[in-house]
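# Fold and geometry: a report
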Amino acid sequence: MFSISDLRNTRYYQEVRYESELNLVIRQLEQRIGGVSQDLQVKINKLSVEDLENLGLALLDFTSKADLVVWLNNQASSAS
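Note that the structure is a prediction, hence the values are computed from the model and not measured. (Residues numbered from 1 in each chain as written. Predicted model: local features only at pLDDT ≥ 70, side-chain atom pairs only at ≥ 80, totals over all residues. Heavy atoms only, no water.)

Turning to the nonpolar core, a few remarks are in order. One finds Leu29, Ile44, Leu55, Phe62 and Leu68 to be the most contacted residues of the largest nonpolar core, which totals 19 residues. In terms of residue count, the dominant contributor to this core is helix H2 (residues 11-33) (six residues). In contact with Leu55, not counting residues within four places along its chain, are Val25, Leu29, Ile44, Leu47, Phe62, Leu68 and Trp71. (Core = buried A, V, L, I, M, F, W, Y, C linked by side-chain atoms within 4.5 Å. Buried < 20%, exposed > 50% of the residue type's maximum accessible area, 1.4 Å probe, protein only. Helix = DSSP H or I, 4+ residues; strand = E, 2+ residues; numbered from the N terminus. Contact = heavy atoms within 4.5 Å.)

Moving on to the UniProt feature "domain: DUF4351" (unreviewed entry) in the protein chain. Following the UniProt record, the feature "domain: DUF4351" (unreviewed entry) maps to residues 14-72 here. Here residues 14-72 runs as 78% helix and 0% strand, with 22 Å between its end C-alpha atoms. (UniProt positions renumbered as here; feature names shortened; annotations may be inferred.)

This is the structure in structure tokens:
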């Protein structure tokens, strides 16, 4: 029988979690700074679940799209 831990390790669960987090962050960004360009969405789609969670917290301090660009660039440079 599956335990919760087993369920969380399934690919399906991971994909659903990622999609949920992604959709939430995109909606929050749209509310906070307006529409998110396709180019920025591509960058956001490449983030891990952990990075999406961090973005969800960071965006509370954003006042413009420039803040998002800076945050994404910092993520890219720290991943390198």
